[in-house]
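Commentary on secondary and tertiary structure
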Amino acid sequence: MKPMGALPLEFAQQNGLLKIGGRTADNWAARTADTPLFVYDMAIVVARIARFRAAMPAIDLHYAIKANPHADLLTAIAPLVDGLDVASSGELAKAMIVKPAASISFAGPGKRDDELSAAITAGATLNVESEGEAARAFAIGDRLGQTPRMAVRVNPDIELRGSGHADGRSRLAVRGRRGAGGSARKGDRRSGRGLARVPYLRRQPSARCRSDHRDAGRDDRTRGAIGRGGRRRPPLVNLGGGFGVPYFASDAALDIERVGEALAEALASRPAILAETRFAIELGRWLVAEAGVYLTRVIDIKQSQGETFVVVDGGLNHQLAASGNFGTVVRRNYPIAVAARMGHAPAETVSVVGPLCTPLDRLGDKVALPPVHVGDLIAIFMAGAYGASASPTAFLGHPPASEIVSGI
Ligand SMILES: Cc1ncc(COP(=O)(O)O)c(C=O)c1O
């Protein structure tokens, strides 16, 4: 038997039938007339946003839509946050449906000219990752007759291991930080160098430099870097994203109130140059991961070489992260339950596997579950971030999972 992560608090106390947003899992499955499906409980997202606001009243909250760009969810979240962060022109287009471009930032390495052009035309802020990218943005701005709005991505030279992450686990891995860290390394690595110290931008009198963009975890050196923010007065410093959530058995939840206190202390002693500056944090998974439940139906149960396999109708094609193939080094189990037997005592150790013909397609590895039968719904929790949109949905040609938002 291998451990699994703890169910999110909103589900942990449930007994009998799993309810999401007041409806049973069966009821949700009946609504889509098919499985698998993702259900996102907006009430949980609202509660996370409220908790952030209480913990960090002076910090703007942006939603990094890469975590979950589902249109209904985005529409519900947009009015509750101060800005949206996007990482492609596709995400930019989605974001602009629900939020004015002036509150959208565009991060990520390798932005194509047409993406720079779309962002500049719209008036979104480009988080530039290199001098080359800045040069292209200025040239495109000149052609369009528009001054690009820019932030400079700066990555203080600090190890992200466990920094500000509840899980403290392979910080660059399951949380997607391998991707984020990778892009960071592809960006400006000059530790703590602020906007005004990036020589190319300093030579650009037309640069409307809005902010430093940091992706650093929260530690003293980040706070120090805030203080060394440069010689101009940046209107906005975006501290980046990356608050962890407890996916696995050994993870503890992030004490966001403590983070808020530490940040408030740092900001209280910031230099005069940052006196008028607004600060923002852009979060993805912390806002939405725990709100999502992936429901998949048991198709078959079989024994092989002493192991019981519960074969379900969805797998890594929708839930790459839960299968342990989204950047993780060591495969560990997300929280899993039999939807009709919440709170029941474990009866057997089984592996929950998907329908794809690869041994990688394993949603639960030797997990202890209550009795499971063909036709049961299996619930995989922590499914609200980097699920449907971060999985190889075309692989083997199974249909995409439905996605429903509860409470909108
Ligand atoms: C620039 C940037 N902002 C925000 C995020 C969101 O991270 P998370 O979902 O862990 O909060 C990422 C993740 O890759 C990122 O690269």
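Refer to the structure above for everything that follows.
These remarks concern the structure in this document.

**Considerations on the nonpolar core**
Formed by 101 residues in total, the largest nonpolar core has its most connected members in Leu-18, Phe-52, Met-56, Tyr-63, Phe-243, Leu-295 and Ile-378. For this core, the element with the most residues is helix α3 (residues 42–55), which contributes 6 residues.

**Description of the pairing of strand β8 (residues 149–154)**
Within β8, 6 of the 6 residues are buried, which leaves the element mostly enclosed by the surrounding structure. What you see with β8 is no split at all: Arg-149, Ala-151 and Arg-153 on one side and Met-150, Val-152 and Val-154 on the other are buried throughout. When strand β7 (residues 125–128) meets β8, the two strands line up parallel, connected through 4 bridges. Looking at β8, one finds that Leu-126 is bridged to Met-150. Once you follow β7 into helix α7 (residues 131–144) and on to β8, the crossover reads as right-handed.

**Regarding the environment of Val-288**
Position of Val-288 relative to the elements: it lies in helix α12 (residues 285–288). Under the relative-accessibility criterion, Val-288 is labelled buried at 1%. Taking the C-alpha atoms as reference points, Val-288 and Ala-67, separated by 221 residues in sequence, lie 7.5 Å from one another. Not counting the four nearest positions on each side in its chain, Val-288 is found in contact with Val-45, Tyr-63, Ala-67, Asn-68, Leu-73, Ile-77, Gly-384 and Ala-385.

Cut-offs and rules
Residues numbered from 1 in each chain as written. Predicted model: local features only at pLDDT ≥ 70, side-chain atom pairs only at ≥ 80, totals over all residues. Heavy atoms only, no water. Core = buried A, V, L, I, M, F, W, Y, C linked by side-chain atoms within 4.5 Å. Buried < 20%, exposed > 50% of the residue type's maximum accessible area, 1.4 Å probe, protein only. Helix = DSSP H or I, 4+ residues; strand = E, 2+ residues; numbered from the N terminus. Pairing = 2+ DSSP bridges. Right-handed = clockwise from strand over helix to strand, strands pointing away. Contact = heavy atoms within 4.5 Å.

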